[in-house]
Amino acid sequence: MHLNQFCRVCLCWIFLAAFTCQAQSSQTASNDKKSKAKTKAAATANTKANNAAPVAPSANSTKSSSKTAKKPRGVRVTVTRNAAPAVEARPSFATALGLRGQRDELSLKSSVAIVVNQNTKEVYFEKNSSVSLPIASITKLMTAMVVLDSQQPLDENLTINAEDAYIYKHSRLAEGTVLSREDALHLALMSSENRAAYTLGRHYPGGIPAFVDAMNRKAKEIGMDHSHYADPTGLLSENVSSAEDLVRMLNAAYQYKMIREFSTWPDLTMVIRNRPQKFLNTNRLVRSGDMDIGLQKTGFINAAGKCLVMQARVNNTPLLLVFLDSVGTQSRFADAVRVRDWYSHIPPGEVQPIRRLM
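Everything numeric in this text was worked out from a predicted model, so none of it was measured. (Residues numbered from 1 in each chain as written. Predicted model: local features only at pLDDT ≥ 70, side-chain atom pairs only at ≥ 80, totals over all residues. Heavy atoms only, no water.)

Caption draft 1: Looking closely at the pairing of strand β9 (residues 292-301). Buried residues dominate β9, accounting for eight of its 10 residues. Inspection of the sheet shows β9 paired to strand β10 (residues 305-314) by nine bridges, in the antiparallel sense. Pairing of Asp292 across the sheet is with Arg313, part of β10. Between β9 and β10, which pair antiparallel and follow one another directly, the connecting turn spans three residues. (Buried < 20%, exposed > 50% of the residue type's maximum accessible area, 1.4 Å probe, protein only. Helix = DSSP H or I, 4+ residues; strand = E, 2+ residues; numbered from the N terminus. Pairing = 2+ DSSP bridges.)

Caption draft 2: Main features of the confidence of the model for the protein. When the pLDDT values of the protein are averaged, the result is 82; 75% of them are 70 or greater. In this model residues 1-81 is a low-confidence stretch, pLDDT under 50, and it forms 12 contacts with partners more than four residues away in sequence or in other chains. (pLDDT = per-residue confidence, 0-100. Contact = heavy atoms within 4.5 Å.)

Caption draft 3: Quick look at the sheet that holds strand β12 (residues 355-356). Pairing is antiparallel across the open sheet formed by six strands, whose spatial order is β9-β10-β11-β1-β2-β12. Both outer strands of the open sheet, β9 and β12, are each paired with one neighbouring strand and no more. Together, β1 (110-117), β2 (122-127), β9, β10, β11 (317-326) and β12 form the strand contacts of helix α8 (residues 243-253), whose direction differs from that of β11 by roughly 135°. Against the sheet, helix α11 (residues 331-344) engages β1, β2, β9, β10 and β11, with an angle of about 145° to β11. (Axes fitted to C-alpha atoms, helices over the stretch in contact; angles between N-to-C directions.)

Caption draft 4: Inspection of the nonpolar core at higher detail. If you look at the biggest cluster of nonpolar residues, it comprises 61 residues, and the most contacted ones within it are Met142, Leu246, Met249, Ile259 and Val322. Sequence-distant contacts of Ile259, that is, excluding residues within four places in its chain, are made with Leu141, Ala144, Met145, Leu148, Leu189, Ala253 and Leu295. Grouped together as the second largest cluster of nonpolar side chains are 24 residues, Val115, Val286, Leu319 and Val337 included. (Core = buried A, V, L, I, M, F, W, Y, C linked by side-chain atoms within 4.5 Å.)

Structural data, given as structure tokens:
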């Protein structure tokens, strides 16, 4: 074979071998790509499958995904717990005495009630009026009278301290709150603020013991012979009185202009620790204006039930109303409305008093 022809044949073989190697390399790369794609697809499918089942939230869920993911664990969909036994509230003292549920001509829901003409002291209606029972926050009327009798400066600033905060756990008057004696009195009467009432007693000369002594002396002075006070708030069930005695207290408290005004204020916005706070009157009849109310106070603890005392004018007659141990959230107010409607329908001069309260 001629040399030139031999060289051309050799070059052809070299080019053929190179082409074959390149084709094999391309095929191998293609297979690798397909294999990786299959692996990725399988991983994606596994991830979706795992995500479809409920998994426990991981504390590392916000961390970088470059870390190896922990094996997801299923969460139990049912949890078995030992249910705590329901704790029933203790019955009120009136319930324990068998007074709750007694029927009367006005179908009142209160276990104890009395309606008295403020001017003549004539009793128009009564129900268990001589029984001494816990009176809850109605106590704050006596608290207010003792504070005002002391003639301490009303503009003096008082600070809610740890003792005030401890006496009642739920209050917007946080420890460290500073408010004037007048504002504390306002909140105690209008929205029944327990911390406000307690700090008023604590800032009395001699502290809480001297304040409670003054409360009991005041009670004796106005003829409350079947009453006893144990603290300025009414949270203690040892604060007890009868409906008859509460009529005497109502009449005495009515002589204080500030008590009349503060107890019948519908609402009040105060800046407490640089934030405006709106306080509402606890008596919905005051907020709605349903009755001509000159003085009022509500109260509630389990031992006392729902309580309400008011001075209200009906048919141009000033009436002193007392309702103790009422059943239901709104029933004490409904009882007051029943008395108003009953008295409103009695022709003038025809109301028959039961007796005169001495």
